[in-house]
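Take a look at the letters that make up each chain.
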Amino acid sequence: QVQLMESGGGLVQAGGSLRLSCVASGISLALISFYDMAWYRQPPGKQRELVATITAGGTTDYADSVKGRFTIARDSAKKTVDLQMSSLKPEDTAVYFCNAKITRNVYWGQGTQVTVSS
């Protein structure tokens, strides 16, 4: 059973930066490299939304709202996927979730809170 653990959330002022990290456990280095990974977020009172994805092959994609500000990267040797967030805005405030997917198997972390003050 794959387990995902996020870290790095916190309180930051608008314009600041944060780096979120997600580490996978319960899975081998070889297998995790085949998973597509992603970061989602759920703002207060809103539905969960996709923020950024990185495929097993390293292709990345971003929500329009974060393009040019956020960068997703994975390190399969460490079984991690990071989200570097810059130029943060109050509307980036949300619980951020790590996601791992292969075929019909989907796994979620418990989330980490990011709060951006104006």
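In every chain, residue numbers begin from 1 and rise along the written sequence. Selection of residues for local features in this predicted model requires a pLDDT of at least 70, selection of side-chain atom pairs for listing and counting requires 80 or more, and totals for whole chains, interfaces and linings are taken over all residues. Working from all heavy atoms in the structure, the side-chain values ignore hydrogens and water.

Turning our attention to the overall build of the chain. Secondary structure assignment for the chain yields 1 helix and 11 strands. Along the chain direction, N to C, the helices and strands of the chain fall in the order β-β-β-α-β-β-β-β-β-β-β-β. The globule rule used for comparison is 2.2 Å times the number of residues to the exponent 0.38, while the radius of gyration itself is calculated over C-alpha atoms. The C-alpha radius of gyration of the chain comes to 14 Å, within 12% of the 13 Å expected for a compact globule of 118 residues. Considering only C-alpha atoms, the chain reaches an extent of 45 × 25 × 20 Å along its principal axes. Relative accessibility under 20% of the residue-type maximum defines a buried residue, over 50% an exposed one, and the middle range a partly exposed one, all with a 1.4 Å probe and only protein chains included. Considering the chain as a whole, with its 118 residues, one finds that 38% of them fall into the buried category. Across the chain, contacts joining residues at least 24 apart in sequence account for 54% of those joining residues at least 6 apart. Surface accessibility in these figures is a Shrake-Rupley result with a 1.4 Å probe; residues are shielded only by whichever protein chains are displayed. Surface accessibility of the chain: about 6,300 Å² in total, with carbon and sulfur atoms responsible for 50%. Averaged over its 12 positive side-chain charges, the chain has a centre that lies 3 Å from the centre of its 9 negative ones. Secondary structure counts use DSSP, requiring at least four H or I residues in a row for a helix and at least two E residues in a row for a strand, with both numbered from the N terminus. Any pair of residues with heavy atoms lying within 4.5 Å of one another is described as a contacting pair. Counted as positive: Lys and Arg. Counted as negative: Asp and Glu, with His and the chain ends omitted from the count. Working definition for charges: the position is that of NZ of Lys, CZ of Arg, CG of Asp or CD of Glu.

Before going further, it helps to examine the nonpolar core. The set of buried Ala, Val, Leu, Ile, Met, Phe, Trp, Tyr and Cys residues whose side-chain atoms join them within 4.5 Å is what this entry labels a nonpolar core. Counting residues in hydrophobic clusters, the biggest one holds 30 residues, and the most contacted among them are Leu4, Met37, Trp39, Leu83, Met85 and Tyr96. Elements that contribute at least two residues to this core include exactly strand E3 (18–25), strand E4 (36–42), strand E5 (49–54), strand E7 (70–75), strand E8 (80–85), strand E9 (94–102) and strand E11 (112–117). Setting aside anything within four residues of it in sequence, one finds Met85 in contact with Gly16, Ser17, Leu18, Leu20, Arg69, Phe70, Tyr96 and Val114.

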